[in-house]
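Descriptive analysis of the structure
The primary structure of each chain is shown beneath.
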Amino acid sequence: MISANELRTGVTFEIDGQAFAVIQFTHIKPGKGSPFIRLKMKNLISGNVVEQTFRPDEKVKSAYLEHKKMQYLYDADGVYTFMDSGTYEQIGLTKNDLGDAVNYLIENIVVDVIYFLEKPVSVELPTFIEAAITHTEPGIKGDTATGANKTAEIETGFSLMVPLFVNEGDKIRIDTRSGEYLERVK
């Protein structure tokens, strides 16, 4: 059991047989009355995001999540297929299950698939990925002194801001937590 005071961003817990992950938490101490904790949390099974308040002394059950390393294979009609490299077992997850992770799924990338009650519910990406730029406008020589950015699209179809010196075909490193460009890779 976890006290509501111990709930922080990223912590997973169970309410009524449903697994939730804390997205955002706020500890509120009003001038009058007792303090409370407001959570924004994501239901790991349905993908819905809900807000709920807890008293600091309330207890919730810790959710047991299993993590399996799996390789992303392909996407067919909105179902993203992953394979366990040891057993060759394949599973399919929908875009709703994956959320923003679909922006960074490059073929053959190894991710942690998260299971709750032996059912895959989401994936945990590596912190950084390397992807090729498939489309961007060419940078104009002389514009680089301002530190300006331009929009670029990577091989997954995701668009992000990159410096002007980055060209089509370049490989770049991206932070999957924020979706930001980090550096150009050789």
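Quick note: structure is the one above.
Quick caveat, the model's predicted, so the values are computed rather than measured.

**Section: the sheet that holds strand E12 (residues 128-136)**
- Pairing within the open sheet is antiparallel, and its five strands lie in the order E14-E13-E12-E15-E16. Each end of this open sheet is capped by a strand with a single partner; those strands are strand E14 (159-163) and strand E16 (180-185). Pairwise comparison of adjacent strand axes, ignoring direction, gives a mean angle of 55 degrees for this sheet.
- Where E12 and strand E15 (residues 171-175) come together, five bridges link them in antiparallel fashion. By the bridge assignment for E15, Ile129 is matched with Ile174.

**Some details on the side chain of Thr136**
- Examined against the element boundaries, Thr136 turns out to sit in strand E12.
- Look at Thr136 and you get buried, because its relative accessible area is 6%.
- Of the polar contacts made by the side chain of Thr136, one reaches the backbone oxygen of Thr151; its length is 3.0 Å.
- Thr136 has contacts with Lys150, Thr151, Ala152, Val166, Asn167 and Glu168, leaving out every residue within four places of it along the chain.

**Observations concerning the pairing of strand E2 (residues 12-15)**
- Here E2 shows two buried faces, one formed by Thr12 and Glu14 and the other by Phe13 and Ile15.
- Looking at chain direction, E2 and strand E3 (residues 18-28) are connected through four bridges and run antiparallel. Note that in E3 the partner of Ile15 across the bridge is Gln18.
- Connecting E2 to the antiparallel partner E3 that follows it, the hairpin turn spans two residues, and Asp16 within it adopts a positive phi of roughly 50 degrees.
- Of the strand pairs in this sheet, E2 and strand E6 (residues 59-62) are connected by two bridges, and their pairing is antiparallel. Bridging from a neighbouring strand, Phe13 pairs with Ser62 of E6.

Cut-offs applied
- Residues numbered from 1 in each chain as written.
- Predicted model: local features only at pLDDT ≥ 70, side-chain atom pairs only at ≥ 80, totals over all residues.
- Heavy atoms only, no water.
- Pairing = 2+ DSSP bridges.
- Helix = DSSP H or I, 4+ residues; strand = E, 2+ residues; numbered from the N terminus.
- Axes fitted to C-alpha atoms, helices over the stretch in contact; angles between N-to-C directions.
- Buried < 20%, exposed > 50% of the residue type's maximum accessible area, 1.4 Å probe, protein only.
- Polar contact = N/O pair within 3.5 Å; in protein donor to acceptor, adjacent residues only side chain to side chain.
- Contact = heavy atoms within 4.5 Å.

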